[in-house]
Amino acid sequence: MDVRDLIGEAVAGMLARPVRSALTTLGTVLGITTLVVTLGVAATAGNQIVGRFDELVATAITVEVPETEHVPLVEWDAVDRVTRLRGVVSAAALAEDKDQANLSVRSNDLVDPARVTTQRLTVLAASTGLPEAVRGRMVLGRFYDAGHVRRGDRVAVIGDEAARMLGVTRLDAAPAIFIAGRAYTVIGVLGDVRRERNLRSAVFVPPTAGRRFGLRDVSRVLVNTDLGAAELIARQAPAALSPGNGDMLQVVAPPSPTRARDQAQEDVNALFLILGLVSLLVGAVGIANVTLVTVMERVAEIGLRRSLGAARRHVAAQFLLESTLIGLTGGVVGASVGVVAVVAVSAAKEWTPLLDVRLAVAAPVAGALVGLLAGLYPAMRAARMEPVDALR
Amino acid sequence: MPDELLTRSGAAGDTGQEAGRPVIELADVCRDFPSQPPVRALAHVSLQVGRGDYLAIVGPSGSGKSTLLNVLGLLDRPTSGHYRLDGTETTTLREKHRTRLRGERIGFVFQSFHLLPHRSVVENVMLAEIYTAQPRAGRRGRALAALERVGLTHRVDFPPGRLSGGERQRAAIARALLGGPSLLLCDEPTGNLDSRNTEAVLGLFDELRAQGMTIVVITHEQEVSERAGRRVRITDGTLLEE
Ligand SMILES: Nc1ncnc2c1ncn2[C@@H]1O[C@H](COP(=O)(O)OP(=O)(O)O)[C@@H](O)[C@H]1O
Ligand SMILES: [Mg+2]
């Protein structure tokens, strides 16, 4: 028998009952769609997560210091001990006062007499390692140093956003700002902040200066580690910051990057992969069922074909090919719907869709395989039929 | 009428198709069914059917007509005895070769036509070639020629459902004729037809007979058996020439 004839007969058999065939593919369509979407979205999302984690989050630790009545839990110089830990790249301590978060800050009238320069800005006391700790850089001037801190100089560094709001564009005239009525000399503008981006509109003063308006105790420590060191540092930092009271500190550490990615994928995957496989199984059972019914309905046709010289294997091949084609159709439709869905989800999330070409090829093949397996039993039943009985 | 429908294809043309040789030689054939109680559906049946014969097999229900036809059509094997088709001893042949021989030498005509409802008439006829060694090229032309032979050229693209009973049986006969079989085996071919359509089909058998076709018809209709050149009666599995 010519393969083209076999294919022709199988296609004709499938198209003879188009609605039934279409309905029969549904289970496979559903299963393949679920699998393609699951794998596609997981790969796409995983890619996004990995990108972000590797860059920043995986190495950022924040230690929250609760307020205490008497002795502060973390001294300002404790940051130096953290910085010395192996695996720490940079660290800085901050003092923020929740009550006085927004202070009235006014820039020097000399800067631009014409504009309103009074703003309510966040003022923080910060240790000298801040620019590195927030992964920014000084776009103008410099950050204050240990000398400024020791002397209690009335100097301030402002974020680039704060600089824009206050109208500070240059430092050569030593502009002053007034925090709660007191004058501070602006010696630097901090920009390109990549961690704690809200600090772009903040004003930083040395801890010795901040004490004057109530920014006394360290409330937060920002730590940056080497890639892969975050987990270790997160365990070591509390003791380094507050010997004896480390367990009172709250450490916000990222999950390790591989775990983060794997987990993101696993969470999505595990559930939906199972869902997809179950759908495929249901699809296979559906195909098997319908093909078996079809075989029983077409007993006379089987007898006729045998009378025309069809061998058992010809009959088996035809029914097997019919169920395979149904599975293949389900796979092609499912893969198409899945790909469209992945692209749509990516577009909605503004992700770059990451579609494995192999997936687009494997999905229809998987569908065909489901159809093939589902057709085995019905095809065998058809082939075993005795022509005499089939023609009775 | 094209020659190719009368001449056999080379593949099967080597075994005893010379005019003198009978198409069918049954010798002492028995067919026992191992049921409870066991049934001897054919008892020592010997029968020769020559080329161009038109034989009617008659007999009451349950007498063994279908069993005989199944044996003749290579759909069933005798329990004992010998069956030569076109000179080929078939009882010892492997299933594969019997299937091949069946497809190439025998044209079946059934009481219920067995046309595929979703295919056109010509597609139904073409079906007769797909399990044979015939090349695909020219298949539609050969099918159309067979349809011309049964007088159905005006219906080739119709679905069987839009044909009358007589037309359906003629389409089935065209299918049986495709490939030039040695033998037309017809099981109650007019059983589902009214008298006018019966007449048309019988007229067609007459024509085919005149063209040299060998025809074996099972029937319980006297009208049909009378048209055949030769009649055998089967009673309880035993064959009697009339
Ligand atoms: N597969 C079978 N198993 C058992 N007995 C059978 C079988 N086929 C036919 N028979 C018996 O063989 C006898 C002849 O049957 P059959 O050839 O069908 O008769 P007819 O076609 O003349 O009506 C009947 O008694 C029938 O019951
Ligand atoms: Mg019968």
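Residues numbered from 1 in each chain as written. Chains lettered and ligands numbered in written order. Predicted model: local features only at pLDDT ≥ 70, side-chain atom pairs only at ≥ 80, totals over all residues. Heavy atoms only, no water.

Re the overall build of chain B
Next up, step 1: Scanning chain B for helices and strands turns up seven helices and ten strands.
Next up, step 2: Across chain B, contacts joining residues at least 24 apart in sequence account for 70% of those joining residues at least 6 apart.
Next up, step 3: With the model as given, the accessible surface of chain B reaches about 10,100 Å², and the carbon-plus-sulfur share is 49%. (Helix = DSSP H or I, 4+ residues; strand = E, 2+ residues; numbered from the N terminus. Contact = heavy atoms within 4.5 Å. Areas by Shrake-Rupley, 256 points an atom, 1.4 Å probe, with all protein chains shown as cover.)

Here's the deal with the environment of Leu292 of chain A
Next up, step 1: Considering the arrangement of structural elements, one finds Leu292 of chain A in helix H9 (residues 257-297).
Next up, step 2: Considered as a pair, Leu292 of chain A and Pro378 of chain A are 86 residues apart in the sequence and their alpha carbons are 4.8 Å apart.

Side note on the interface of chain A and chain B
Next up, step 1: Across the boundary between the two partners, chain A contributes 22 residues, which contact 19 residues of chain B.
Next up, step 2: Taken together, both faces of the contact between chain A and chain B bury some 2,100 Å²; the carbon and sulfur share is 61%.
Next up, step 3: Taken together, chain A and chain B are joined by three salt bridges.
Next up, step 4: We note a salt bridge from Arg119 of chain B to Glu9 of chain A, for which the minimum N-O separation is 2.8 Å.
Next up, step 5: Secondary-structure elements contributing two or more residues to the side of chain A that touches chain B are helix H1 (3-16), helix H10 (299-307), helix H11 (312-349) and helix H13 (387-391) of chain A.
Next up, step 6: A per-element tally of the side of chain A that touches chain B places H10 of chain A first, with six residues.
Next up, step 7: Of the residues contributing to the side of chain A that touches chain B, the split by class is eleven nonpolar, four polar and seven charged. (Buried area = accessible area lost by both parts, 1.4 Å probe. Salt bridge = Lys/Arg side-chain N within 4 Å of Asp/Glu carboxyl O. Nonpolar A, V, L, I, M, F, W, Y, C, P; charged D, E, K, R; others polar.)

Focus: the confidence of the model for chain B
Next up, step 1: The predicted model of chain B averages 90 in pLDDT, with 92% of residues at 70 or higher.
Next up, step 2: Under the prediction, the complex receives an ipTM of 0.91, its pTM being 0.68. (pLDDT = per-residue confidence, 0-100.)

Digging into the packing of H11 of chain A against helix H12 (residues 357-384) of chain A
All names here are of chain A.
Next up, step 1: The contact between H11 and H12 brings their axes to 6 Å, and the two run at 150°. Classified by the angle between their axes, H11 and H12 sit roughly antiparallel to one another. H12 is crossed by H11, and the crossing has right-handed handedness.
Next up, step 2: Looking at the contact of H11 with H12 residue by residue, the class counts come to 16 nonpolar, seven polar and two charged. (Axes fitted to C-alpha atoms, helices over the stretch in contact; angles between N-to-C directions. Parallel < 35°, antiparallel > 145°, perpendicular 65-115°, else oblique. Left-handed = near helix turned anticlockwise from the far one by under 90°.)

Considering the packing of aromatic side chains
Next up, step 1: Enumeration according to the criterion identifies four aromatic pairs over all chains in this entry.
Next up, step 2: Plain terms: the ring middles of Phe143 of chain A and Tyr144 of chain A are 4.3 Å apart, the flat faces sit at 35° to each other, and that makes the pair tilted.
Next up, step 3: Judged by relative accessible area, which is 2%, Tyr144 of chain A ranks as buried.
Next up, step 4: An angle of 0° between the planes, with centres 5.8 Å apart, marks the rings of Phe108 of chain B and Phe110 of chain B as stacked.
Next up, step 5: A relative accessible area of 8% places Phe110 of chain B in the buried class.
Next up, step 6: Three or more aromatic residues joined by ring pairs make a cluster, and in this case those are Phe143, Tyr144 and Phe204 of chain A.
Next up, step 7: A cation over an aromatic ring shows up here: Arg154 of chain A above the ring of Tyr184 of chain A, its NZ or CZ 5.5 Å from the ring centre.
Next up, step 8: Lying across the ring of Phe158 of chain B, Arg162 of chain B places its NZ or CZ 4.7 Å from the centre. (Phe/Tyr/Trp six-rings, centres within 6.5 Å; stacked < 30°, edge-to-face > 60°. Buried < 20%, exposed > 50% of the residue type's maximum accessible area, 1.4 Å probe, protein only. Lys NZ or Arg CZ within 6 Å of the ring centre and 35° of its normal.)

A short note on the site of ligand 1
Residues and elements named next belong to chain B.
Next up, step 1: Close to ligand 1 lie Phe33, Ser35, Val39, Ala41, Pro60, Ser61, Gly62, Ser63, Gly64, Lys65, Ser66 and Thr67.
Next up, step 2: Gly62 has a polar backbone atom sitting 2.6 Å from an oxygen atom of ligand 1.
Next up, step 3: Here Lys65 contributes a backbone N or O atom positioned 2.9 Å from an oxygen atom of ligand 1.
Next up, step 4: In isolation ligand 1 exposes 560 Å². Once the protein is present, 65% of that is buried. (Near = heavy atom within 4 Å. Polar contact = N/O pair within 3.5 Å; in protein donor to acceptor, adjacent residues only side chain to side chain.)

Side note on a nonpolar patch on the surface
Next up, step 1: Together, Leu369, Leu372, Leu373 and Leu376 of chain A make up an exposed nonpolar region whose accessible area comes to about 360 Å².
Next up, step 2: With respect to the helices, strands and loops of the structure, Leu369 of chain A is situated in helix H12. (Patch = residues over 30% accessible without salt bridge, like charges linked within 9 Å, V, L, I, M, F, W, Y side chains within 5 Å.)

Here's the deal with the sheet that holds strand S9 (residues 230-235) of chain B
Residue and element names in this part refer to chain B.
Next up, step 1: Read across the sheet, six strands follow the order S6-S7-S8-S3-S9-S10 without closing on themselves; strand pairing throughout is mixed. Each end of this open sheet is capped by a strand with a single partner; those strands are strand S6 (106-109) and strand S10 (238-241). Averaged over all pairs of adjacent strands, the angle between strand axes in this sheet comes to 20°, irrespective of strand direction.
Next up, step 2: Where S6 lies against strand S7 (residues 183-187), four bridges are found, and the strand directions are parallel. Within S7, the position partnered with Gly107 by the bridge is Leu184. (Pairing = 2+ DSSP bridges.)

Comments concerning helix H4 (residues 139-149) of chain B
Next up, step 1: Looking at H4 of chain B, one finds that the buried residues are Arg139, Arg142, Ala143, Ala145, Ala146, Leu147 and Arg149 of chain B.
Next up, step 2: Tucked into the core, H4 of chain B has its buried residues touching H1 of chain A together with helix H3 (121-126), helix H5 (165-177) and helix H6 (195-210) of chain B.
Next up, step 3: At the exit of H4 of chain B stands Gly151 of chain B, carrying a positive phi of roughly 75°.

Things to note about H10 of chain A
All names here are of chain A.
Next up, step 1: Summarising burial for H10: seven of the nine residues are buried, a large majority.
Next up, step 2: Where H10 is concerned, the buried positions are Glu301, Ile302, Gly303, Leu304, Arg305, Arg306 and Ser307.
Next up, step 3: Two residues or fewer after H10 comes Gly309, characterised by a positive phi angle close to 105°.

Describing the packing of H10 of chain A against H11 of chain A
Geometrically, a packed helix pair is captured by the angle between its two axes and the distance between the axes.
All names here are of chain A.
Next up, step 1: It is the contact of H10 with H11, at a shortest axis distance of 10 Å, that shows an interaxial angle of 135°. Here H10 lies oblique to H11, going by the angle between them. Classified by chirality, the crossing of H11 by H10 is right-handed. Seen from H10, the contacting residues are Glu301, Ile302, Arg305 and Arg306; seen from H11, they are Arg312, Val315, Gln318 and Phe319.

Overview of unusual backbone geometry
All names here are of chain B.
Next up, step 1: In the segment running from Gln36 into Pro37, the intervening peptide bond is cis, with an omega of -5°.
Next up, step 2: By the secondary structure assignment, Pro37 is in the loop between strand S1 (24-33) and strand S2 (39-49).
Next up, step 3: For Glu188, which is not glycine, the phi torsion reads 45° and is therefore positive.
Next up, step 4: With respect to the secondary-structure elements, Glu188 resides in the loop between S7 and H6.

Quick word on a negative patch on the surface
Residues and elements named next belong to chain A.
Next up, step 1: Judged by side-chain charge, Glu67, Glu75, Asp77, Asp80 and Asp217 come together as a negatively charged surface patch.
Next up, step 2: Positionally, Glu75 belongs in the loop between strand S1 (60-64) and helix H3 (78-84).
Next up, step 3: Judged by its relative accessible area of 41%, Glu75 falls in the partly exposed class. (Lys, Arg positive; Asp, Glu negative; His and termini not counted. Charge placed at Lys NZ, Arg CZ, Asp CG, Glu CD.)

Things to note about the nonpolar core
One recurring pattern in soluble globular proteins is that nonpolar side chains are buried together.
Next up, step 1: Grouped together as the largest cluster of nonpolar side chains are 85 residues, with contacts concentrated most on Leu26, Ile173, Leu184 and Phe205 of chain B.
Next up, step 2: Examining the composition of this core, we find that six residues originate from one element, H5 of chain B, more than from any other.
Next up, step 3: Ignoring anything within four residues of it in the chain, the contact list for Ile173 of chain B reads Val109, Val150, Leu184, Val201, Leu204, Phe205 and Leu208 of chain B.
Next up, step 4: Residues Trp76, Val82, Tyr184 and Val221 of chain A belong to the second largest nonpolar core, which totals 47 residues. (Core = buried A, V, L, I, M, F, W, Y, C linked by side-chain atoms within 4.5 Å.)

Overview of the pairing of strand S8 (residues 215-218) of chain B
All names here are of chain B.
Next up, step 1: Burial along S8 is two-sided: the residues Ile215 and Val217 and Val216 and Ile218 are all buried.
Next up, step 2: Across four bridges, the pairing between strand S3 (residues 54-58) and S8 is parallel. Looking at S8, one finds that Ile57 is bridged to Ile218.
Next up, step 3: Of the strand pairs in this sheet, S7 and S8 are connected by four bridges, and their pairing is parallel. Looking across to S8, one finds that Cys186 is bridged to Val217.

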